[in-house]
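# Geometric and topological summary
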Amino acid sequence: MQISRRTLFQQTGLMAAAVALWGQGVRSAKAGEFTPNKPEYEILNRFSFGIHPDDVAALESRGPAAYLEEQLFGELLDPEVEANVQTWFPTLALSAAELKSLVDTEQMVPAQIAGELKRATVYRASASRYQLYEVMVDFWSNHFNIYHQDGPLRLLKTVDDRDVIRANALGSFRALLQASAKSPAMLFYLDNYSSTKRGFNENYARELLELHTLGVDGGYSHEDIEAVARILTGWSIGRGNSGPIGEFSFFSQTHDYGEKTVMGVVYPAGQGIEEGEALLDQLVDHPSTRQFIATKLCQRFISDQPAVATVAQVAEAWGADGDIPAMLLALASTDEFYDKAARKYRRPLDYVLGMLRTAAALVSRSQTRMLQTALQLLGQVPFDYPPPTGYPDSISGWASTAGLLNRWNIASTGLGYTSGGRLRRNSILQPEILLDDPQSPEQLVDQLLDMLLHGGIDAEGREILVSFAEQRFAELETRQGLTLVRDLANLIYASPYFQWH
Amino acid sequence: MVNLQLQTETTESLLLAATQSLQGNMIVIFLRGAMDGMHAVIPAGDSNYASLRPQLSDSADSAIPLDGFFKLHAQLEALYPIYETGELAFIHASGSPDDSHSHFDAQDYMEHGTPGIKTTEDGWLARALLQTNLTAPLQAVAMGKSIPEVFRSSRLSAVAIDSVADYGLVHPSALLHLAIDDIHQQDDALASLSTSTFATIDALQALDADNYTPVNGAVYPNSTFGQQLQDVALLLKSDLGVHAVNVDIGGWDTHENQEAQLSGNFQQLAEGLAALYLDLGSLMQTTSIVCMTEFGRRAYENASDGTDHGHGGCMFVLGKGINGGQVLGEWPGLTESDLYGPGDLEVTTDYRTVLAELLIKRHGYQDLSMVFPDFELPSFVGLL
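Residues numbered from 1 in each chain as written. Chains lettered and ligands numbered in written order. Predicted model: local features only at pLDDT ≥ 70, side-chain atom pairs only at ≥ 80, totals over all residues. Heavy atoms only, no water.

Along the backbone of chain A there are 26 helices and four strands. Its C-alpha atoms give chain A a radius of gyration of 24 Å, within 12% of the compact-globule value 23 Å for 501 residues. For chain A, the spread of C-alpha atoms along the three principal axes comes to 80 × 55 × 40 Å. Here the contacts in chain A between residues at least 6 apart in sequence split such that 70% fall between residues at least 24 apart. Accessible area of chain A: about 18100 Å², with a carbon and sulfur share of 53%. Within chain A, the 61 negative side-chain charges are centred at a point lying 6 Å from the centre of the 43 positive side-chain charges. (Helix = DSSP H or I, 4+ residues; strand = E, 2+ residues; numbered from the N terminus. Rg over C-alpha atoms; globule rule 2.2 N^0.38 Å. Contact = heavy atoms within 4.5 Å. Areas by Shrake-Rupley, 256 points an atom, 1.4 Å probe, with all protein chains shown as cover. Lys, Arg positive; Asp, Glu negative; His and termini not counted. Charge placed at Lys NZ, Arg CZ, Asp CG, Glu CD.)

With that out of the way, let us pick up the overall build of chain B. Across its full length, chain B carries 11 helices and 12 strands. The C-alpha radius of gyration of chain B comes to 21 Å, within 12% of the 21 Å expected for a compact globule of 384 residues. Overall, chain B is about 70 × 50 × 40 Å in size when its C-alpha atoms are taken along their principal axes. Counting all 384 residues of chain B, 63% fall into the buried class. Counting only carbon and sulfur atoms, one obtains 48% of the accessible surface of chain B, whose full area is about 13700 Å². (Buried < 20%, exposed > 50% of the residue type's maximum accessible area, 1.4 Å probe, protein only.)

Counting from both sides, the interface comprises 60 residues of chain A and, opposite them, 48 residues of chain B. Taking both sides of the interface into account, the surface hidden between chain A and chain B amounts to around 4200 Å²; carbon and sulfur atoms contribute 63%. Put simply, chain A and chain B have three salt bridges between them. Between Asp187(B) and Arg343(A) there is a salt bridge, with the nearest N and O atoms lying 3.1 Å from each other. (Buried area = accessible area lost by both parts, 1.4 Å probe. Salt bridge = Lys/Arg side-chain N within 4 Å of Asp/Glu carboxyl O.)

Attention shifts here to the domain arrangement of chain A. All names here are of chain A. According to the domain assignment, chain A consists of domain 1 (5–74 + 345–499) and domain 2 (172–302 + 305–343). Once you take the C-alpha centre of each, domain 1 and domain 2 turn out to be 37 Å apart. Across the boundary between the two partners, domain 1 contributes 18 residues, which contact 20 residues of domain 2. Both sides of the domain 1 and domain 2 interface together cover about 1600 Å² of buried area, and 60% of this is carbon and sulfur. When the area that domain 1 buries against domain 2 is broken down by residue, the three leading residues are Arg-46, Phe-47 and Pro-388, summing to 40%. In this assembly, domain 1 and domain 2 are joined by three salt bridges. Between Glu-42 and Lys-340 there is a salt bridge, with the nearest N and O atoms lying 2.9 Å from each other. Scanning the region where domain 1 abuts domain 2 turns up 10 residue pairs in polar contact (both at pLDDT 80 or more). (Domains from an automatic or database assignment. Polar contact = N/O pair within 3.5 Å; in protein donor to acceptor, adjacent residues only side chain to side chain.)

Our next topic: helix α19 (residues 348–358) of chain A. Most of α19(A) is tucked away: 11 of the 11 residues are buried. Positive phi appears at Ala360(A), one or two residues downstream of α19(A), with a value of about 55°.

Turning to the packing of aromatic side chains, a few remarks are in order. Overall, the coordinates contain 27 aromatic pairs over all chains when judged by the stated rule. Ring plane angle 70° and centroid distance 5.8 Å describe the contact between Tyr351(A) and Phe498(A), whose orientation is recorded as edge-to-face. Highlighted residues: Tyr351(A) in helix α19 and Phe498(A) in helix α26 (residues 496–499), separated in sequence by 147 residues. Both residues of the pair, Tyr351(A) and Phe498(A), count as buried. Centroid distance Phe70(B) to Trp331(B): 5.3 Å. Interplanar angle 85°. Geometry classified as edge-to-face. Placement of Phe70(B) in the loop between β3 (64–65) and β4 (71–72) and of Trp331(B) in the loop between β11 (327–328) and β12 (349–350) is noted, with a sequence separation of 261 residues between them. As far as the burial class goes, Phe70(B) and Trp331(B) line up, both buried. Aromatic rings pair up to connect Phe139(A), Trp140(A), Phe144(A), Phe173(A) and Trp318(A) into one cluster. Residue placement shows Arg46(A) over the ring face of Phe337(A); its charged tip is 5.6 Å from the ring centre. Lying over the aromatic face of Phe498(A), Arg346(A) brings its terminal NZ or CZ to 4.3 Å of the ring centre. (Phe/Tyr/Trp six-rings, centres within 6.5 Å; stacked < 30°, edge-to-face > 60°. Lys NZ or Arg CZ within 6 Å of the ring centre and 35° of its normal.)

Residues and elements named next belong to chain A. For the pair helix α13 (residues 203–213) and helix α14 (residues 222–231), interaxial distance at closest approach is 8 Å and the crossing angle is 120°. Here α13 is positioned oblique relative to α14, judged by the angle of their axes. Here the hand of the crossing between α13 and α14 comes out right-handed. In this structure, α13 uses Ala-205, Arg-206, Leu-208 and Leu-209 to contact α14, whose residues at the interface are His-222, Ile-225, Val-228 and Ala-229. (Axes fitted to C-alpha atoms, helices over the stretch in contact; angles between N-to-C directions. Parallel < 35°, antiparallel > 145°, perpendicular 65-115°, else oblique. Left-handed = near helix turned anticlockwise from the far one by under 90°.)

Residues and elements named next belong to chain B. Its location among the elements puts Val-215 in the loop between α8 (191–205) and α9 (224–237). Given a relative accessible area of 38%, Val-215 falls into the partly exposed group. The spatial distance from the C-alpha of Val-215 to the C-alpha of Leu-280 is 8.1 Å, given a sequence separation of 65 residues. Once residues within four sequence positions are removed from consideration, Val-215 is found in contact with Lys-237, Leu-278 and Asp-279.

Next up on the list: helix α24 (residues 459–472) of chain A. For α24(A), which comprises 14 residues, the first-to-last C-alpha distance of 20 Å matches the rise-based estimate of 20 Å (1.5 Å per residue) to within 8%. Of the surrounding secondary structure, the elements contacted by the buried residues of α24(A) are α23 (441–452), α25 (481–494) and α26 of chain A together with α7 (174–184) of chain B. (Expected span 1.5 Å × (residues − 1).)

This part is about the sheet that holds β3(B). Residue and element names in this part refer to chain B. Pairing within the open sheet is antiparallel, and its three strands lie in the order β2-β4-β3. What marks the edges here is a single partner per strand, and that holds for β2 (41–42) and β3. Relative to β4, β3 runs antiparallel, the two sharing two bridges. Bridging across to β4, Ile-64 finds its partner in Leu-72. (Pairing = 2+ DSSP bridges.)

All names here are of chain A. Look at helix α16 (residues 287–301) against helix α17 (residues 308–316): their axes get within 8 Å of each other, and the N-to-C directions meet at 120°. Taken together, the axes of α16 and α17 are oblique relative to one another. Handedness of the crossing formed by α16 with α17: right-handed. Residues Arg-290, Gln-291, Ala-294, Thr-295, Leu-297 and Cys-298 of α16 form the contact with α17, whose participating residues are Thr-310, Val-311, Val-314 and Ala-315.

What follows concerns the nonpolar core. With 232 residues, the main nonpolar core has Met136(A), Trp140(A), Leu328(A), Tyr493(A), Ile29(B) and Phe316(B) as its most contacted residues. Both domains that furnish three or more residues to this core are identified here as domain 1 (5–74 + 345–499) and domain 2 (172–302 + 305–343) of chain A. When residues no more than four places from it in sequence are discounted, the contact partners of Tyr493(A) are Tyr351(A), Met355(A), Thr358(A), Ala359(A), Ala411(A), Leu415(A), Leu429(A), Leu452(A), Phe498(A) and Gln499(A). Ala140(B), Ala142(B), Leu156(B) and Met292(B) belong to the second largest nonpolar core, which has 42 residues in total. (Core = buried A, V, L, I, M, F, W, Y, C linked by side-chain atoms within 4.5 Å.)

Here is the structure:
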């Protein structure tokens, strides 16, 4: 309680915005229905990993339209965050050849390189003010999932993350797909690099249709998969003598130059790499693809079962090339986006980052290592999901007894509890910095709720918190005060209200 | 529309038919990613085998003869003694009748027990449990962090346990624990999950998992899978009412460099199963262990010394008292006209036939119309 919330806002120069804001929320709720925060808060709620005090200030000062515009078309790279990434995780800037030479000269082992990418990914998502960009990076990283624990992938994924996913996360789906199809990491992960005219490997071809573009019911047959695999023979990775090492290379000598037909479109004999590029365009332009991508976006940002009309509205914004910002704007224009009943269960990554951002935690380099441990316990370390689907994005994939227990424990650990039950003052989550001299159990609870849940609780839930605070409120003026605040925050983070976006 | 009706009927009939009892225990080991049955139980006696798999058939040289036609991959050696005593059977060319080559659809179909029907929302093992009079909160346990589709049901609370020893709360205050459960009762979707989590904590903490010692010389592999199997043994030996268990093991999608990948996987699988079998001892008289996978792999190898997605696979069943020591099922052959679809091993035994034989002849079920709706039972493969 050394730094009050007032001071925090003065420090960040956001006092005016904050004053305008905190009048809303829990305290305005009397009996029965809780009055939620303003509808535009859904932009922060749905389009971020968790609402940081600075996000609220930015939305309030600029208004929702300008805020969204900056989120979609602004710099996208938070200078302070990127400066830290550069210093803390220098391998993120390196090419495949440079990474390989680090390993060859025994300056680093592949696991360290992979670790830098995982830690940088979580750090950026926790700290960047361009939250929607980081959220979309995560979305596409799962859509074009690459498992990070297999041989050269520990190096190549660094390049894929930078040059495919982050370069196109808020661009066009066409550019993203073309880049992904030529990504050495993807070609290795789904085995296309070794597919030749003598015996093609259909792994990438199948997942390209099933998971990346058309969807499993998108209207293709097994013959189409074979034709796609033949078209993509020779799409491979340079090995020094055959193209730059670790870069995309087209091997004409292993390419199948025969005629192929994919869903009625004939690719005449004699074509090389250009028929693969044309095929990717065919897939981008197929109506099943926009339907599939729009559905996944709605499932990510609205609920596991979005309304048909909502998906249609988003699919309509596809445009010529799969315009990602336009689809996100369309999402934010649907009624369902502002419907509190359409709720989305937090995945473990959302849960951990949500705690960090709502508590305004400043993550240090060494703490990024702790975050990996937390995510490992919860089962969602970045790029650590072996099947090509990417991590599940529905409640059924995450809600379980083990899932809840681990979340409750991660909240306790983050708030400073050791496994021996001791409380450490110096922990990653320090919610006491958010308080502004509360005078009653109600004020204490409401101040925490304002920051951690932003209105996402009902009167009954609040009552449970208040009665918990009442029993121990006298502690607040003693050395035990910290324990009470941490325990209340633990209860809020462990509560069902925080399990949903 | 048809499927919606099916759901309603299923629920109503379940309420009427809740009279059967699950005798013993059913352990499902799901090999996710499509395990190549032809690389595990090698059809070395089929004259077409070596020409379809010129590279991969090298593994037949070191394999262990099972019956003059089939050979067991050398890295599955730990299973051979159990096969020899007749307590392990392989059911070859088995699988789902649906010809999906998508891992994710095929797994769902198989676990829901209704191949080809996407709208089924519950798992076959959950339906089987709901037909019984079992009430223990831990009757269905999924080893891992999440609940697999086989246990999916709005009416069954399967419990997910990633580690018995670590299943406890970090926060020291019982007051906070109470408040956590209390506040979860405000949320319809999570209320029972919270209750069940606290019940599980209480039950598991009494087990003293840290001091568990496997018996009969069982040595579990040093891996997550091995740890989970050891936890399964601990749970089944305890008095917690655990009857159905699912354990997942991944890493079977071997499009490339298959021999190297499968060698490691086979060894871990075989050593784990053998340890669990030994450790459970006489409990294996009433316990069935079934290994299944979403589909088998292409009969011919691809250009990367691997295999692409196929159809017919191979199931493993372990249990004392089964007609083991043989490879069951009808071998469909590997000539071009024998192969199915793009060149796959045909499915000659529906996987539900195998499960049905176990449920009826070993676990006390009479009627499986709710467990496998619209499935007309063909003749059994002779497991029991």
